[in-house]
Amino acid sequence: MKIKLLDCTLRDGGYYNNWDFNEDLVTDYLSAIADSGTDYIELGLRRFSSDSFLGASAFTTHQYLDRLNLPAGPEYGVMIDAKTILSAVSDKFSHEAAVDTLFKDRKDEHISLVRVAAHFDELKDTPRMLHRLKEKGYKVGLNIMQSSLRSSDELSNATKEISRSNSVDVLYFADSLGSMDIRDVERVFEAIRKEWNGEIGFHSHNNMGQALENVNKAIEIGASWIDGTISGMGRGAGNAETEYLLANPYLQKDPSSTYKIFNLVSNHFAEMKKKCGWGPSLEYFYGAKFGIHPTYIQELCADKELDKNLIFNIIEDIGKTASPHKFTKQTLDLSKSSLSQKSLVIKGKKVPKFMKNIDVLLIAQTNASLQYKEAIKDYISAKKPIVISINQPNKIIDIPYDYVAISHNQKYRSDHESYLNSNSLKYIAPEGLFELDDKSLISSIKFNYGISISNDNFEMLGDHCIIPYRLTLAYAIAFCIEANASQIYLAGFEGYEDGNPKQKIMQNLLHILTKKDISLCSLTPTKYSIKEKSIFDLL
């Protein structure tokens, strides 16, 4: 039995760089993979429009493929998520119309293979799209995602229906959560084989460091299609490494034809791996143990503001949710901040108007505040504003604060010891968010102001605010407005480099505030689009 190797670096690897691979890398990649004897190359996804920037391999359009020099040898393909088609279908737009919009007939395309990735509950809705792709002349693959979560009977029954469609050439089972071991591989394979006589493929993930072992098991028991990626680049901990698979005796490849692969790794992927950080780790291992979608772990590991000591607490919290295998941004944010999913609103007490006719100065704990520390002290002495620290004050930035604003207990956990040793400080905080963490903090909360998170929303409701992001600055601004502050000044909010997601979040917040006619003024240099004055101007 010939084992077919499919490399899906440009598709699965795109979860780390938004599918934006540079042209030199793509050219070198295609040449190296073609020379290695790899049977199929998946060039990316195909999809409808996106509301954010994604690179060429997120769409893999006809126009983009026209520009590529596709070497002879391997066959080429793309993947499409079943939800891409299903979400486009309406009374006036059929499954067939959606497929026709995205795909020309095979004879007019550079690709010969289309794989459809479907969650188990989407399988029943795939026959029409699969049949249409087959009519258009493609070799069709169907990938069952998160297959290990389903019983053998569920898998066999679903496979029986797929067989009846007569539209699938290769049926894949995917270890989407990276949690499978060789026993799981064998169980899922046998459940599929019971009702499926065609070719079976296996797509591994390496969250538990078992991708290659699982691949070998899949081949031993009869899988004839195997996926890999260069250096294992793929969602979460990544995949089985194509360069290792090429050396696998089961695949019967010529080792002498793979030298370009090693150059490709050293010239392009080694540095990218350091930057993006895919690969097995303790975080991915425990995430797989809890059955957690790998995007949760990927997001947690990429969050530079997050104390890494808290990641395992958060993984455990996510693992206790109703559907840890389904990624949602809301679940991630709620688990970070421990806002109860049963009560998204943490209410407090009505804020008194004690800031009337008084300016307020909000100070970030940053290098910029340290740089201008003496000037900030002079400003406070001359102008007499109410001074609020955004999160726990840095001991090096020894500025006299009236209050400290804290708005999420993930940050509280991170600075736990500092809070406990700061009995002289008075806090503005949503008391209900902290009562399970440390009751000694409660006595230091001067103003119990509540909080709720809602996208693109900024409202003050007397006893709590609704803010668009889990940002203490947004929380503090809402509190100051409730307290009837005259003017809100900022110090130390220098901003981030262009392209940093935190810069984009802050700019979005400021845009929302502008629409609400909420005016801010920075007294120190800032990259944000807000009014500026000088901290040295004491007149």
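One numbering rule holds for all chains: residues counted from 1, following each sequence as written. Residues qualify for local features only when their pLDDT is at least 70, as the model is predicted, and side-chain atom pairs are given and counted only at 80 or more; totals for whole chains, interfaces and linings, by contrast, use all residues. As a rule here, side-chain values come from all non-hydrogen atoms in the structure, and water together with hydrogens is ignored.

(A) Region of interest: the overall build of the chain. If you tally the helices and strands in the chain, you get 22 helices and 19 strands. By principal-axis analysis of the C-alpha atoms, the chain measures approximately 80 × 50 × 45 Å. Counting the 539 residues in the chain, one finds 55% classified as buried. We call two residues in contact whenever any of their non-hydrogen atoms come within 4.5 Å of each other. In the chain, once contacts between residues fewer than 6 apart in sequence are set aside, the share between residues at least 24 apart is 71%. Per-residue accessibility takes into account occlusion by the displayed protein chains alone, with areas from the Shrake-Rupley method and a 1.4 Å probe. Of the roughly 24,200 Å² that the chain leaves accessible, carbon and sulfur atoms contribute 47%. Between the averaged position of the 63 positive side-chain charges in the chain and that of its 70 negative side-chain charges there is a distance of 4 Å. Here a helix means four or more residues in a row that DSSP labels H or I, a strand means two or more in a row labelled E, and each is numbered from the N terminus. Classification of residues uses two cut-offs on accessible area relative to the type maximum, computed with a 1.4 Å probe and protein chains only: under 20% is buried, over 50% is exposed, and between them is partly exposed. His is not counted, nor are the chain ends, whereas Lys and Arg count as positive and Asp and Glu as negative. Charged groups are reduced to one reference atom each: NZ for lysine, CZ for arginine, CG for aspartic acid, CD for glutamic acid.

(B) Examining helix 6 (residues 127-135) more closely. The set of residues buried in helix 6 consists of Met129, Leu130 and Leu133. Axial view of helix 6: buried residues confined to an arc of 100 degrees, hence all on one face. The inward-facing, buried residues of helix 6 abut helix 4 (82-86), helix 5 (95-102), strand 4 (113-118) and strand 5 (139-144). Within two residues after helix 6, Gly137 carries a phi angle of roughly 100 degrees, on the positive side. This arc corresponds to the set of directions leading from the helix axis out to the C-beta atoms.

(C) Looking closely at the pattern of salt bridges. Think of a salt bridge as a Lys or Arg side-chain nitrogen and an Asp or Glu carboxyl oxygen that are within 4 Å of each other. Here the structure, examined in full by the defined rule, presents 28 salt bridges. A salt bridge links Asp35 to Lys260, with the nearest nitrogen and oxygen atoms 2.7 Å apart. One end of the pair, Asp35, is in helix 2 (residues 23-36); the other, Lys260, is in helix 11 (residues 259-276), with 225 residues separating them in the sequence. Take Asp35: its relative accessible area is 38%, and that puts it in the partly exposed class. Sharing partners across several salt bridges, the network here consists of Arg11, Asp12, Glu42, Arg115 and Asp227.

(D) A look at the packing of helix 2 against helix 11. Following both chains from N to C, one finds helix 2 and helix 11 inclined at 145 degrees, their axes separated by 9 Å at the closest point. Considering the relative orientation of helix 2 and helix 11, their crossing is left-handed. Taken together, the residues of helix 11 that come into contact with helix 2 (itself represented by Asp24, Leu25, Asp28, Tyr29, Ser31, Ala32, Ile33, Asp35 and Ser36) are Lys260, Ile261, Leu264, His268, Phe269 and Met272. Residues are grouped as follows: Ala, Val, Leu, Ile, Met, Phe, Trp, Tyr, Cys and Pro are nonpolar; Asp, Glu, Lys and Arg are charged; every other residue, Gly included, is polar. Partitioned by chemical class, the residues of the contact of helix 2 with helix 11 number eight nonpolar, three polar and four charged. Fitted lines through C-alpha atoms give the axes, limited to the stretch in contact for helices. The angle between two N-to-C directions lies from 0 to 180 degrees. For a crossing to be left-handed, the near helix must be turned anticlockwise from the far one by less than a right angle; the clockwise case is right-handed.

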